[in-house]
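As a plain string of letters, each chain reads:
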Amino acid sequence: MPDFFINGQPVHAEKGQTVLQAALAAGFYIPYFCWHPNLSVAGNCRVCVVEVEGENGGENWSEIACNMPISEGMRVLTDSEGVRAQRKQTLQFILLNHPVDCGICDKAGECMLQDHHYAYNGEPSVSTVPKVKATKYHELSERVVLDNERCIVCSRCVRFTREISKSHGLGIQNRGDHSLVRATEDGRFNRDAYSDNVVDICPVGALLAKNFLHKARVWYLQATPSVCPGCARGCTVNLWHRKREWKLNALDPKQNTEIARVTPLENAEVNGPWICNKGRDLAAIFERPRALQPLLKGRPASLDEAAGAARRLIDEAKRPVALVSSWGSNEELAALKARLGGRVTSFVKADHLPAPGEVLEDELLIRADKNPNTATAQQLFGSAPVAFPDGTDLVLVWGEGFDFTRLPRGAKLIYLNSYLAPENGHADVFVPISIQTERAGSYTNFQGHSSRFERCLPKPAGVIDAEMFFANLAVAAEVA
Amino acid sequence: MPGRQLIMDFPVTATSHLLPDYLARGGYETLKKALSTLTPEDVTKEVTASGVLGHGGAAFPVGRKWAVVKLNDGQPHYLCANADEGEPGTFKDRWILEHSPHLLLESMLLACYALQVRNCFVYIRGEFDLPYRRLQAAVEEAYAGGWFGENILGTAFACDIVVYRGAGSYVCGEASALITSIEGKKGYPRNRPPRLTVRGLYQRPTVINNVETLSNVAVIMRMGAEEFRKVGVAKSPGTQLVSISGHVNKPGVYEVEYGYPLDKFIYEDCGGILGGQKLKCIIPGGISTKVMTASDIVGVTYDHKAMEKAGSQVGSGGMVVIAEGTCMVRLLQVMLRFYHHESCGQCTPCREGMGWMHRVIDRIVAGDGRPEDIDTLIRISNANDGTTICGMGDAAGYATVGIIAKYRDEFEHFIANKRSKCGGRLEVEEAAHA
């Protein structure tokens, strides 16, 4: 039984849905700026206008789809001549004071204003009066920059801080075409741990992330699905890096291999369309100086030599202990369990603890456990705190976060780490391992939800995946 | 006097706005009678039967607005008196607030009784100083006299009132922006649906009526609906307070009975045109209504149906008289400057359109007009028609289209000759032959 009709076709609607929601769910195209599925209805951009056919030969009337409740049997037109004319008209209004500086705008290429304009207007500006001048570079916070000339006052960012992040950090000042989005003076927006999401939800290029400002045109980049390792929530993210065909020799080599930006990958079960600011700064976590050389007591060695030495140490040890990384993927943890689980006593260690000043935990996303895969690690290796049994003569430390002063006296050390650290040279065997962006795998978050991450950057020479390393060790154990 | 007087039915003296004088005029007797003998439904029925229309500009039947509020639905209801009288040329509610505040309070009590309202509000514009002081003094008198608070006149009926001062925004006179402002937010109008009588102030059913509309409630309850209907004409019962200003000899507030001849009102009751000039046109009910030329008003009676037939509206009753020799281009410039300044900036067509129109008319007045500018103004007006959240975009459009339709030649002359066809003045001089 159809509930109502769009362009003559019967469409089923859920209870409480608006025309826009039902139309989008049924695959009809209706443009919109201010409407967002996770925010309240503001109805101020007026671009989602549709025509409703009058009943019993009455006149047709137009109304915005985002705020229109569905009534049984109503007939809606989303692409009539009148609708197209009205949308064109509205887009001309929006463009009236918009600077159209797409050439220097970070949003170009993924801008809703560009898309809708191509679909409905496609004509040069009709205005012959000067555009309103406004602030071109206004720092809303230490992370977010606002270009008021590009702003179309859709109020998505304001609603985000009121309804999602609850910081109430943004508002609109002044009236009419002098309206300006501004942060409150007490710095609430600066403290908002989710502030960078406003950059994603901005339908135009008004809100810009400082850490991506003028860094790359988005069409040179590609997104690889990944998982944020910043806390036990395990938000799915897109890691944006240069497309293969756009890795140019003329560029600074760093530009070819860096993570240009991180955006949320919508995932209703875990994080919705949001991530926190820490997730935006994953590059800062991954792009620390890397350890690229296997070492035997500080002496450079090959990966084979290191594996052989580690194998010997494990074979000779009477009471070996492994400290398991809570940053290991499900696959790596399973490999460790399968190959060495019977031979060594294992404890799970927290690789990262909350940094000073970091938000510990909140109601939206952030969790107090700052490691992505504690759930699987504890499931496989138990949740007992690290306690070395008497007579421990070998310790395998996997990942960061171990206080080496706790190393039992006289015990040998096998150390697996990705980054340069003073302890690397002191270990009996040091093996540089790959980081998350250089391999594929999955993490299980605190709710038991597994999310997969893909490989997006090449693995440097001299680095081995932990999973492969464990497999090599196991070969030795089986031979012995 | 232009017809019978229902609200301005007493001589204004130094004390006529105070409680003793109001009681001497039979004040609060109607309330006493209603609380002791009538049910809330009876009051609503009486008001509906009177056929009284809203006096704020839209002329929506009061009974139909009230009927949406369901009694005994287990949630609080609110009543707001809209005293944010911001329409240019309109200052009629100011008269009630200054000279008969108790009439408003008694009417609000009756309305609160009919709609089961425990807390009611008066949203008064911030620029009103004397009206605010007089209203606030009246509220204190009424509290002291036991007409507000718990157990009013010994019955179970209880009601409290808050006078809320606006901060100077035209848009806050729009009902939904008004309640958003009372809630402490930026005065942005809200999208309908839901209607305010379903979900209004603090998300509860809310009735918002103009001060004059509400003041009529006590009048209706005193006279009875049947008697009230005998005043005015069938489709527009009662009277309208008209604030007349501009090039007229006796400007001020007049109570005009609906159906009174419009030309007689202007030429006789208001003393004719200033400086012995001829009438050019009038803006009949606030600048958002379409202008009527001198020939348009001949033979028109002042009621909703006749005014609509003549191509305009009763509107808010803010009448502006414009004498021959006034430059309509300059007049439109003043109006568009106002609309640009007052656009709240929430929705696209009005936010961008008002500024655009203002800049175009500024350019014409500066002598840089282009022939296509007239059509641009009309096009922007039409693009605002019915596409905005509140009625302000439409209002500016009506005003613009109305003036250009009647005086297109003046615009063409200004653009072609870079100067006004009538001296470019908004003031009038003494007529040469006077």
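Residues numbered from 1 in each chain as written. Chains lettered and ligands numbered in written order. Predicted model: local features only at pLDDT ≥ 70, side-chain atom pairs only at ≥ 80, totals over all residues.

So, the overall build of chain B
Reasoning step 1: Looking only at helices and strands, one finds 16 helices and 11 strands in chain B.
Reasoning step 2: A compact globule built from 434 residues should have a C-alpha radius of gyration of about 22 Å, and chain B, at 22 Å, falls within 12% of that.
Reasoning step 3: Principal-axis analysis of the C-alpha atoms gives chain B an extent of 75 × 50 × 35 Å.
Reasoning step 4: Summarising the internal contacts of chain B: among those between residues at least 6 apart in sequence, 73% fall at separations of at least 24. (Helix = DSSP H or I, 4+ residues; strand = E, 2+ residues; numbered from the N terminus. Rg over C-alpha atoms; globule rule 2.2 N^0.38 Å. Contact = placed C-beta atoms within 7 Å.)

Notes on the overall build of chain A
Reasoning step 1: In terms of helices and strands, chain A carries 13 helices and 22 strands.
Reasoning step 2: Each principal axis of the C-alpha distribution contributes one length, and for chain A these read about 90 × 55 × 45 Å.
Reasoning step 3: Here chain A, with 480 residues, has 43% of them falling under the buried criterion.
Reasoning step 4: Here the analysis covers contacts within chain A between residues at least 6 apart in sequence; of these, 65% occur between residues at least 24 apart. (Buried ≥ 20, exposed ≤ 12 C-beta atoms within 10 Å, placed from the backbone.)

Details of the interface of chain B and chain A
Reasoning step 1: Facing 23 residues of chain B, the contacting portion of chain A comprises 23 residues.
Reasoning step 2: At 11 residues, helix H14 (residues 348–368) of chain B tops the list of elements feeding residues into the side of chain B that touches chain A.
Reasoning step 3: When its residues are assigned to classes, the side of chain B that touches chain A shows 9 nonpolar, 9 polar and 5 charged. (Nonpolar A, V, L, I, M, F, W, Y, C, P; charged D, E, K, R; others polar.)

Notes on the pairing of strand E22 (residues 450–453) of chain A
All names here are of chain A.
Reasoning step 1: Along E22, the buried face is formed by Ser451 and Phe453; none of Ser450 and Arg452, which line the opposite face, is buried.
Reasoning step 2: In terms of strand pairing, strand E21 (residues 441–444) meets E22 through 4 bridges, oriented antiparallel. Each bridged residue has a counterpart across the sheet, and for glycine 441 the counterpart in E22 is phenylalanine 453.
Reasoning step 3: The antiparallel pairing of E21 with E22 creates a hairpin that spans 5 residues between the two strands, and glycine 448 there sits at a positive phi of about 85 degrees. (Pairing = 2+ DSSP bridges.)

Describing the domain arrangement of chain A
Reasoning step 1: The assigned domain composition of chain A is domain 1 (4–79) and domain 2 (295–479).
Reasoning step 2: Placing a centre on the C-alpha atoms of domain 1 of chain A and another on those of domain 2 of chain A gives a separation of 54 Å. (Domains from an automatic or database assignment.)

Observations concerning the nonpolar core
Reasoning step 1: If you look at the biggest cluster of nonpolar residues, it comprises 187 residues, and the most contacted ones within it are B:Cys80, B:Met108, B:Leu110 and B:Ile282.
Reasoning step 2: Top contributing element to this core by residue count: helix H6 (residues 101–115) of chain B, with 11 residues.
Reasoning step 3: What B:Met108 contacts, discounting residues up to four positions off in sequence, is B:Leu79, B:Ala81, B:Cys120, B:Ile161 and B:Leu214.
Reasoning step 4: Counting 37 residues, the second-largest nonpolar core is a separate cluster that includes A:Ala309, A:Tyr415, A:Val431 and A:Val463. (Core = buried A, V, L, I, M, F, W, Y, C linked by C-beta atoms within 7 Å.)

Digging into the domain arrangement of chain B
Residue and element names in this part refer to chain B.
Reasoning step 1: When the domains of chain B are assigned, the result is domain 1 (19–229), domain 2 (242–317) and domain 3 (328–417).
Reasoning step 2: On a C-alpha basis, the centroid separation for the pair domain 1 and domain 2 is 28 Å.
Reasoning step 3: With 12 residues of domain 1 at the contact, the number on the domain 2 side is 14 residues.
Reasoning step 4: Tallied by class, the residues present in the side of domain 1 that touches domain 2 amount to 5 nonpolar, 5 polar and 2 charged.

What to know about the sheet that holds strand E1 (residues 77–83) of chain B
All names here are of chain B.
Reasoning step 1: Read from one edge of the open sheet, 4 strands run E3-E2-E1-E4, paired in parallel fashion. Two strands in the sheet have a free side with no partner beyond their single neighbour: strand E3 (160–165) and strand E4 (206–210). Along the sheet, successive strands turn relative to each other by an average axial angle of 20 degrees, direction set aside.
Reasoning step 2: Summarising the sheet, E1 and strand E2 (residues 117–124) pair through 7 bridges and their orientation is parallel. Residue pairing across strands places alanine 81 opposite valine 122, the latter belonging to E2.
Reasoning step 3: Across the face of the sheet, H6 comes into contact with E1, E2, E3 and E4 while running at roughly 155 degrees to E1.
Reasoning step 4: Of the strands in this sheet, E1, E2, E3 and E4 are in contact with helix H8 (residues 175–182), which crosses E1 at around 110 degrees. (Axes fitted to C-alpha atoms, helices over the stretch in contact; angles between N-to-C directions.)

Here we look at the sheet that holds strand E7 (residues 144–146) of chain A
Reasoning step 1: An order of E6-E7-E10 (chain A) is seen for the 3 strands of this open sheet, with the pairing classed as antiparallel. Each end of this open sheet is capped by a strand with a single partner; those strands are strand E6 (138–139) and strand E10 (207–209) of chain A.

Observations concerning the environment of A:Lys254
Residues and elements named next belong to chain A.
Reasoning step 1: Relative to the helices and strands, lysine 254 is located in helix H7 (residues 253–257).
Reasoning step 2: With 8 C-beta atoms packed within 10 Å, lysine 254 lands in the exposed category.
Reasoning step 3: Lysine 254 sits 102 residues away from isoleucine 152 along the chain, and the two C-alpha atoms are 35 Å apart.

Concerning helix H7 (residues 130–144) of chain B
All names here are of chain B.
Reasoning step 1: With 15 residues, H7 ought to run about 21 Å at 1.5 Å a step, and its terminal C-alpha atoms sit 21 Å apart, in line with that.
Reasoning step 2: The elements touched by buried residues of H7 are helix H5 (92–99), H6, E2 and E3.
Reasoning step 3: Looking at the residues trailing H7, positive phi occurs at glycine 146, about 85 degrees. (Expected span 1.5 Å × (residues − 1).)

Some words on the packing of helix H2 (residues 81–96) of chain A against helix H3 (residues 112–120) of chain A
Residues and elements named next belong to chain A.
Reasoning step 1: Where H2 meets H3, the closest approach of the two axes is 10 Å, and the angle between their N-to-C directions is 135 degrees. Considering the angle they form, H2 stands oblique to H3. Helix-helix and strand crossings are classified by hand; for H2 and H3 the assignment is left-handed. On H3, the residues that touch Arg84, Arg87, Lys88, Leu91, Ile94 and Leu95 of H2 are Leu113, His116, His117 and Tyr120. (Parallel < 35°, antiparallel > 145°, perpendicular 65-115°, else oblique. Left-handed = near helix turned anticlockwise from the far one by under 90°.)

Topic: the pairing of strand E20 (residues 429–432) of chain A
Residue and element names in this part refer to chain A.
Reasoning step 1: By the alternation rule, side chains of E20 split into Val429 and Val431 and Phe430 and Pro432, which are all buried.
Reasoning step 2: Of the pairings in the sheet, the one linking strand E19 (residues 412–417) to E20 comprises 4 bridges and is parallel in character. Looking at the pairing, asparagine 417 lines up with proline 432 of E20.

Some thoughts on the packing of H6(B) against helix H9 (residues 211–223) of chain B
Residue and element names in this part refer to chain B.
Reasoning step 1: In the contact formed by H6 and H9, the axes pass within 8 Å of each other and the chain directions differ by 75 degrees. In terms of their interaxial angle, H6 and H9 are classed as roughly perpendicular. On H9, the residues touching Leu103, Leu104, Glu106, Ser107, Met108, Leu110 and Ala111 of H6 are Val211, Leu214, Ser215, Val217, Ala218 and Met221.
Reasoning step 2: Along the lines of polarity and charge, the residues of the contact of H6 with H9 split into 10 nonpolar, 2 polar and 1 charged.

Some words on unusual backbone geometry
Reasoning step 1: Going from B:Arg192 to B:Pro193, the amide bond is cis rather than trans, its omega being -10 degrees.
Reasoning step 2: Looking at the element boundaries, B:Pro193 is found in the loop between H8 and E4.
Reasoning step 3: Backbone torsion omega between B:Pro193 and B:Pro194 reads 0 degrees, so that peptide bond is classified as cis.
Reasoning step 4: Within the secondary structure, B:Pro194 is located in the loop between H8 and E4.
Reasoning step 5: Despite not being glycine, A:His214 shows a phi value in the positive range, around 55 degrees.
Reasoning step 6: Structurally, A:His214 is set in the loop between E10 and strand E11 (221–227).

Side note on the environment of A:Val321
Residue and element names in this part refer to chain A.
Reasoning step 1: By secondary structure assignment, the location of valine 321 is in strand E16 (residues 320–325).
Reasoning step 2: Sequence separation of valine 321 and glutamine 9 is 312 residues, and the distance between their C-alpha atoms is 67 Å.
Reasoning step 3: Excluding residues within four positions of it along the chain, valine 321 makes contact with Val344, Thr345, Phe388, Thr392 and Val395.

Quick word on helix H3 (residues 40–50) of chain B
Residue and element names in this part refer to chain B.
Reasoning step 1: Listing the buried residues of H3 in full gives Val43, Thr44, Glu46, Val47 and Ser50. Down the axis of H3, the buried set is contained in an arc of 160 degrees. They therefore lie on one face.
Reasoning step 2: Those residues of H3 that are buried are in contact with helix H2 (29–37), helix H4 (62–67), H6, H9 and helix H10 (225–229).
Reasoning step 3: Just beyond H3, the residue with positive phi is glycine 51, at close to 70 degrees. (Arc of directions from axis to C-beta.)

A word on the environment of B:Leu97
All names here are of chain B.
Reasoning step 1: Mapped onto the elements, leucine 97 comes out in helix H5.
Reasoning step 2: A count of 27 C-beta atoms within 10 Å places leucine 97 in the buried class.
Reasoning step 3: Here the alpha-carbon distance between leucine 97 and proline 20, two residues 77 residues apart in the chain, equals 16 Å.
Reasoning step 4: Excluding anything up to four places from it in sequence, leucine 97 contacts Ala83, Phe128, Pro131, Arg134, Leu135 and Val211.

A few points about the confidence of the model for chain B
Reasoning step 1: Per-residue pLDDT for chain B averages 94, and the proportion of residues at 70 or more is 99%.
Reasoning step 2: Two summary scores accompany this predicted model of the complex, namely pTM at 0.93 and ipTM at 0.91. (pLDDT = per-residue confidence, 0-100.)

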